[in-house]
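Here is how the chains run, residue by residue.
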Amino acid sequence: MMFRRVERMAACVSDMKAKKMSVKSLITLVLIGLMSIIDVVVTESVTRPRGVSLTNEPFYRDSQWFTCLDGSRQIFKSQVNDDYCDCMDSSDEPGTSACPQGKFHCNNRGFKPKYIPSSRVNDGICDCCDASDEYKGPGATQCSNNCRELGRADLERRQQEIILMNQGFDVRQEYIKQGIEKKAEREESLKKLREEKEVADQLKDEKERLKQEAESPEKEAKDAHKAVWDAQQAVLREERDKQRANEAFDELDADRNGLITPDELADHKEFDSDGDGEVSEEEAKAVLIGIDRLPKATFIGPIWKNIKEKFKSLPKVTPEEPSPVPSPPEDVNEGDASEEDLDMGDHGDMNDEDEEDFADEDDEDEEFDDDLDEGELMEKYAKHRADYEKKKEVKGKGEDGEEMPEYDEATKKLIEVADAAREEFKEAEKQVNDLKKSIEDIEKLMNVDLGPQQEFEPLQKQCYEYTDREYTYKLCPFDKTSQRPKAGGSETQLGNWGQWEGPDENKYSKMKYTRGRNCWNGPDRSTLVILRCGLENKLVSASEPERCTYEFQFETPSLCTTKTDVETGEIDSHDEL
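Cut-offs used in this document
Residues numbered from 1 in each chain as written. Predicted model: local features only at pLDDT ≥ 70, side-chain atom pairs only at ≥ 80, totals over all residues. Heavy atoms only, no water. Salt bridge = Lys/Arg side-chain N within 4 Å of Asp/Glu carboxyl O. Helix = DSSP H or I, 4+ residues; strand = E, 2+ residues; numbered from the N terminus. Buried < 20%, exposed > 50% of the residue type's maximum accessible area, 1.4 Å probe, protein only. Axes fitted to C-alpha atoms, helices over the stretch in contact; angles between N-to-C directions. Parallel < 35°, antiparallel > 145°, perpendicular 65-115°, else oblique. Left-handed = near helix turned anticlockwise from the far one by under 90°. Nonpolar A, V, L, I, M, F, W, Y, C, P; charged D, E, K, R; others polar. Contact = heavy atoms within 4.5 Å. Phe/Tyr/Trp six-rings, centres within 6.5 Å; stacked < 30°, edge-to-face > 60°. Lys NZ or Arg CZ within 6 Å of the ring centre and 35° of its normal. Polar contact = N/O pair within 3.5 Å; in protein donor to acceptor, adjacent residues only side chain to side chain.

The protein chain carries the name Glucosidase 2 subunit beta in an unreviewed UniProt entry, which gives Patiria miniata as its organism.

A. Quick peek at the pattern of salt bridges. With the rule as written, the count across this model stands at 34 salt bridges. With a shortest N-O distance of 3.0 Å, Asp-230 and Lys-226 are connected by a salt bridge. In this pair, Asp-230 and Lys-226 are both assigned in helix H4 (residues 147–252), four residues apart and thus about one turn of the helix distant. Classification of Asp-230 as partly exposed rests on a relative accessible area of 32%.

B. Fine view of the packing of H4 against helix H10 (residues 409–446). Interaxial distance between H4 and H10 falls to 7 Å at its minimum, and their mutual angle equals 160 degrees. Taken together, the axes of H4 and H10 are roughly antiparallel relative to one another. Handedness of the H4/H10 crossing: left-handed. When its residues are assigned to classes, the contact of H4 with H10 shows 21 nonpolar, four polar and 19 charged.

C. Representation of the packing of H4 against helix H6 (residues 296–307) in the model. H6 packs onto H4 with a crossing angle of 120 degrees between their chain directions and a minimal axis gap of 10 Å. One element, H4, and the other, H6, form an angle in the oblique class. With respect to the hand of their crossing, H4 and H6 are arranged in right-handed fashion. In this structure, H4 contributes Asp-241, Arg-244, Ala-245, Asn-246, Ala-248, Phe-249, Asp-250 and Leu-252 to the contact, and H6 contributes Lys-296, Phe-299, Ile-300 and Trp-304. Its residues assigned to classes, the contact of H4 with H6 comprises seven nonpolar, one polar and four charged.

D. Focus on the packing of aromatic side chains. Tallying each qualifying case throughout the model produces 15 aromatic pairs. Here the aromatic rings of Tyr-464 and Phe-554 are separated by 5.2 Å at their centres, their planes lie at 55 degrees, and the arrangement is tilted. Of this pair, Tyr-464 sits in strand S7 (residues 464–467) while Phe-554 sits in strand S14 (residues 549–556), and the two are 90 residues apart along the sequence. For the pair formed by Tyr-464 and Phe-554, the shared burial category is buried. Aromatic ring contacts, followed pair by pair, group Phe-456, Phe-478, Trp-497, Trp-500, Tyr-508 and Tyr-513 into a single cluster. The ring of Phe-425 carries the charged tip of Lys-211 above its face, separated from the ring centre by 5.2 Å.

E. Geometry of the environment of Asp-133. For Asp-133, the position within the fold is in the loop between strand S4 (114–117) and helix H3 (138–142). With ten residues separating them along the chain, Asp-133 and Cys-143 place their C-alpha atoms 9.2 Å apart. When near neighbours in sequence (up to four residues on either side) are disregarded, Asp-133 contacts Phe-104, Ile-116, Arg-120, Val-121, Asn-122, Ile-125, Cys-126, Asp-127 and Cys-128. At 3.1 Å, the side chain of Asp-133 forms a polar contact with the backbone nitrogen of Asp-127.

Have a look at this one:
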């Protein structure tokens, strides 16, 4: 019979050649013929015990003996499927439920073959779509062969999947086109920015040179002006210090005899070095460097230099005006407290005029924009403070509180020229920094692996969300992953872009995000993103399989790498670009 079929198939092939049919039709007919031959061979020559797969059939061919598949023993062939377990590995009972570890093979012709535990054989439940597991008992009449229907439905499902994957493949081609164009655009922008920066660097260097040239005579003129002012103030300080020394000597010389003795220091507790409340003779002599009768000339010299920081003038009380007795403290409410009482701030060495100047600056602070980021705010504050210090320098106070005289016209002109040079340098420096930042931003984008053909480029700078019962999860490819409670609350970082984590043969199937927010008493959070082909970019699920370790499922056309012919099944993985 098999040979007759072969003869008929050969005749058909010859007839087709004569009619010059297409190669595809010829191949199809040959395959159908071969399948028919195989079917005949399998049907006519292969007899297998129930529950044995075609793969394991050779082990059951002997007509008299059967050797357990684990080689442990040999039994009569008649003992196979006799509903008694003889082999330790259960291989003698593939078609009954006698052995606990047995496996029954469902042929399921027209659908998918599979193994089921032998314990399910003849249990009244249809496990095999061809009903081969229920050959006696109630299941024998209840179960029917519906493998062809299941196979047809599965084929339709797979065909629909193929259609969607083919559409995803077409989208991927568009992604590749976009990615290549974007890469070329960035490379061109980078080239232009680098050229612009080279020119800007040269301009900055030139402006810096001009600034230094302008600042040199400015500094000399300002230093000369300040030196004259400092010399005048030094003379005033020296005169003031000498005057204070004379006043201190006159106060300490209680008997007005032109000499200070140790006993005349007794009322000045600031000289009580051991803190016992009294100025002893030894402590007084130490102040007077051992001289019992100290003249003014010696006091104003080395003595005053040593004690002027300690010396405190005693309050002067006349017999006619006794010291006032302090009034008992009154109960003062917070609202009645004086401004002096409430002033708890520390203004350092600012005097009243300095405070007024800084108050003016505080008024100007009101124009600060609340939307400024931290860097911009600090830059604005630094300029603000520099302006204040500049005003303070110009308004330097002398010994009598007078301001340093204004610069002469020549110096003012030098300052004006230097200020202009500094402003031009500042603008040139800003341009260089802006160009540098733009270059770094583009380089950062280009350093990301967007696939061998840039097919993942459209995902860059995008974010996708998925919401379950408790959280909304966010995936920003090549940036970060996060979650936030549905009920409201702050966002928690689950990881920052790390690298592609897929196996060598499918590297771009998994993304790894690491260094997320630290778990309390645990590791840093991390996320593994598993990608698969899909018609649109979509975050389809999120879970936490282990503590602080998250797993996202993401669909994207970027991973639709093949296109299948629905009719022939031919696969095309060729990227047009």
